[in-house]
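Observations on the model geometry
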Amino acid sequence: MAKQGSRSDEADYVVVGSGSAGAAVAGRLAESGASVIVLEAGKSDEQFLVKKPGMIGPMHAVPQLKAKVDWGLYSTPQKHMLDRKMPVPRGKVVGGSSSINGMVYVRGNRANYDSWAAEGNTGWEADSVNAAYLRMEDYEGGANAYRGSGGPIRITRNKFPQEGAGMFIDAVHDTLDVPVLDDYNAESQEGVAWMQQNAADGLRYSASRGYIHDLAPATLELQSEVLVRRVVIESGRATGVEVQDKDGGRRTIRAGKEVVLSGGFVGSAQLLMLSGVGHAQHLRDHGIEVVADLPVGDNLHDHLFHALTFHATSAKMKGNPWFFAKGLAKEVVRPGTTFLANSVFEVLGFVRTSQATDVPDLQLHLLPWAYVSPNQDAPIRHEVDPRTALTVLTTLIYPRSRGTLRLASADPTAAPLIDPQYLADPADLDTLTEGTEMVRQIMASSAFRGTIKEEIHPGANVQGQELRDQILNRGTSVYHGVGTCRMGVDELAVVTPDLKVRGVDGLRVADASIMPSITGGNTNAPAIMIGEKAAELILEGAR
Ligand SMILES: Cc1cc2nc3c(=O)[nH]c(=O)nc-3n(C[C@H](O)[C@H](O)[C@H](O)COP(=O)(O)OP(=O)(O)OC[C@H]3O[C@@H](n4cnc5c(N)ncnc54)[C@H](O)[C@@H]3O)c2cc1C
């Protein structure tokens, strides 16, 4: 079993962050026999709130619960979205964001990886990353050329979907003439399908569940509630990290071989800058000595959705405390049998707007619940419509807008400035607006057999320019930030294709921040894959 509670000060590898990628890289490195310390600012994930998939609702709706597992970050005012300061939830708990996310399991479009490779990132083409995905998966459909079984992450489908979700599949198929897919994570993603979730037997399969608790290599030591303040870089080589324990005490933890940053698109970029790696002038402005002048924090991008909620008699879920309490009581008596055993999402579609080029550019997430309106910006408990409903998140998966992440202060405990520049490129708003109109056509399909009673949000009367204006207030992050430590072979790259930080020895970044461009779909599975791949690259290099 992985060691917990110890406080060693030296290992072969020091991994910062136990999130989607960090848990995978740490678990796999330790499995090879190397000693590994994984450092995590958050607390243990051995809590009902994290382990039970359906707790995702209250976890994000109740501010007091959210504060237990989330960094509580916000964006800077988004000037193309009415100056909104939008929430940027990130897991601050063992398992990182994989412990607080929606468990939607999507690899992305194979073309995404081929385009990374075409930019010079050799080894990241779809066929190469497929090998890493095969190792990480335990897919209930069994192994084939595209899917793995026996790996640390269990992937299943909801066994008791809502009737309206099945109707939605038929409606997307009929309206857009796209195929109904058995598996959107195989050769082709285009079409509509039952969603796959990284949850099984009533348990969330976060990266920490799979790679730390279940794989549990003996040489892995997990230190939680430890904030990493900076990477120690001596004569151009990373030799360890300076940390702050819960009681405020500081230590240095030394890495005999390498330091791996897996702090996510916020944490890794922030730590690099605090350690002297970033835009030179920006670092000097904060009194930080420059080690390497690299464009850390550029290329920030994210997915954005617009939610449409319809009153539907073909769904039975109600977003009120009484309905939830009944489900909870049943789940405690018969674990794995209620909505609490599953993600809240049931169907996914990958379809094309008129702007799509070679791949589908719009993702549809269907959840059989009513949804918050107009947005979740205020840090309060938001009410949802009491009626049974189907909500479709119309999701922009290839945003053209790019933003930045910068330091607000040289203090490692201060939140950085997160500026995704949502909708800065007008084409992004065009796609979301067209996607909204497509969803309205889908929901008007006869496949629903009269069970759709009304468009609750934004409301059928919201059309044309008013719709575009409303999306500025209603658009919401899917919480898929990436790209701040971009991988590449050019001057704008922060890491090389083997994930080494340019200009510093013994230091790599392995998490969603290395994506040169975002994958077409939810980013948890790709982040875990990046962790798997990082371990492979590190172990190859150590041979
Ligand atoms: C609310 C929410 C819902 C989402 N839903 C889905 C979904 O359904 N499906 C999907 O595929 N994706 C989803 N995502 C996105 C997905 O979870 C992330 O893209 C993915 O987890 C990112 O992995 P990562 O390894 O890059 O970072 P993370 O998993 O965020 O890991 C970073 C870790 O580093 C730690 N850390 C950071 N800085 C420090 C420091 N200085 N010292 C110590 N520790 C530090 C953090 O506490 C964290 O544990 C969601 C994300 C959120 C927040």
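The structure under discussion appears in the preceding block.
Let me begin by describing the structure that accompanies this report. (Residues numbered from 1 in each chain as written. Predicted model: local features only at pLDDT ≥ 70, side-chain atom pairs only at ≥ 80, totals over all residues. Heavy atoms only, no water.)

What follows covers the packing of helix H7 (residues 163-176) against helix H12 (residues 426-443). Remark: H7 packs on H12, axes separated minimally by 8 Å, with the N-to-C direction vectors making an angle of 110°. As far as their axial angle goes, H12 and H7 are roughly perpendicular. Considering only the axes of H7 and H12, their crossing is right-handed. Here H7 contributes Phe 168, Ala 171, Val 172, Thr 175 and Leu 176 to the contact with H12, which in turn contributes Met 438, Gln 441, Ile 442 and Met 443. In terms of residue class, the contact of H7 with H12 is made up of seven nonpolar, two polar and no charged. (Axes fitted to C-alpha atoms, helices over the stretch in contact; angles between N-to-C directions. Helix = DSSP H or I, 4+ residues; strand = E, 2+ residues; numbered from the N terminus. Parallel < 35°, antiparallel > 145°, perpendicular 65-115°, else oblique. Left-handed = near helix turned anticlockwise from the far one by under 90°. Contact = heavy atoms within 4.5 Å. Nonpolar A, V, L, I, M, F, W, Y, C, P; charged D, E, K, R; others polar.)

Attention now moves to the pairing of strand E15 (residues 250-261). Pairing geometry for strand E2 (residues 10-16) and E15, over six bridges, is parallel. Considered in E15, the bridge of Val 15 is made with Val 260. Note: strand E14 (residues 237-244) against E15, five bridges, orientation antiparallel. Its bridge partner lying in E15, Glu 242 is registered against Thr 252. In this structure, the hairpin formed by E14 and E15 is closed by a connection of five residues, where Gly 248 is found at a positive phi of approximately 95°. Relative to strand E26 (residues 507-509), E15 runs parallel, the two sharing three bridges. Note that in E26 the partner of Val 260 across the bridge is Arg 508. (Pairing = 2+ DSSP bridges.)

Structurally, Thr 436 can be placed in helix H12. Among the polar contacts listed, one links the side chain of Thr 436 to the side chain of His 306, at a separation of 2.9 Å. Within the structure, Thr 436 has its side chain in polar contact with the backbone oxygen of Leu 432 (distance 2.8 Å). Excluding residues within four positions of it along the chain, Thr 436 makes contact with His 306, Leu 308, Thr 394, Leu 467 and Ile 471. (Polar contact = N/O pair within 3.5 Å; in protein donor to acceptor, adjacent residues only side chain to side chain.)

Enumeration over the complete set of coordinates arrives at nine aromatic pairs. Both rings, one in Phe 339 and one in Trp 369, keep their centres 5.4 Å apart while their planes meet at 75°; by these two values the pair is edge-to-face. Here Phe 339, found in the loop between helix H11 (321-333) and strand E19 (347-351), pairs with Trp 369, found in the loop between strand E20 (362-367) and strand E21 (389-396); they are 30 residues apart in sequence, far enough to count as distant. Grouping residues by exposure puts Phe 339 and Trp 369 together as buried. Taken together, the aromatic side chains of Tyr 113, Trp 116, Trp 124 and Tyr 133 make up a single cluster linked through ring pairs. Positioned over the ring face of Tyr 139 is Arg 147, at 3.8 Å from the centre of the ring. A cation over an aromatic ring shows up here: Lys 533 above the ring of Trp 124, its NZ or CZ 5.6 Å from the ring centre. (Phe/Tyr/Trp six-rings, centres within 6.5 Å; stacked < 30°, edge-to-face > 60°. Buried < 20%, exposed > 50% of the residue type's maximum accessible area, 1.4 Å probe, protein only. Lys NZ or Arg CZ within 6 Å of the ring centre and 35° of its normal.)

Let us now look at the pairing of E19. With five of five residues buried, E19 is to be regarded as a mostly interior element. As judged from the four bridges shared by strand E8 (residues 191-194) and E19, these two strands associate in the antiparallel manner. Counterpart to Val 192 in the pairing with E19 is Gly 349. Of the pairings in the sheet, the one linking E19 to E20 comprises five bridges and is antiparallel in character. When the sheet's bridge partners are listed, Leu 348 is paired in E20 with His 365.

All buried positions along helix H6 (residues 126-136) are accounted for by Ala 126, Val 129, Asn 130, Ala 132, Tyr 133 and Met 136. An end-on view of H6 places all buried positions within 165° of arc, on one side of the element. (Arc of directions from axis to C-beta.)

On to the sheet that holds strand E9 (residues 196-197). Pairing in this open sheet of three strands is mixed, and the strands run E6-E7-E9 from one edge to the other. In the strand order of this sheet, the two ends are held by strand E6 (137-139) and E9, each with one partner. As paired strands, E6 and strand E7 (residues 153-157) are joined by three bridges and run parallel to one another. Counterpart to Tyr 139 in the pairing with E7 is Ile 155. Where H6 meets the sheet, its contacts fall on E6 and E7, and the angle it forms with E6 comes to roughly 65°.

Position of Thr 476 among the secondary structure elements: in strand E25 (residues 476-477). Reaching out from Thr 476, the side chain makes a polar contact with the backbone oxygen of Arg 474 at a distance of 3.0 Å. Excluding residues that lie within four positions of it along the chain, Thr 476 makes contacts with Met 86, His 303, Leu 304, Phe 305 and Gln 376.

We now examine the layout of surface pockets. By rolling a water-sized probe across the atoms, one finds the places where empty space is left. Looking at the second largest pocket, its volume works out to about 420 Å³. If you trace the second largest pocket, you find 20 residues lining it, with Thr 357, Asp 358, Val 359, Asp 361 and Tyr 398 closest to the centre. Listing elements by their share of the lining of the second largest pocket, those giving two or more residues are helix H5 (110-118) and H12. Taken together, the residues of the lining of the second largest pocket break down into eight nonpolar, seven polar and five charged. (1 Å grid on protein atoms, 1.4 Å probe; cavity = no way out; pocket = protein on both sides within 12 Å on 5 of 7 lines; lining within 4 Å. Points joined across faces, edges and corners; volume = space filled by probe spheres on them.)

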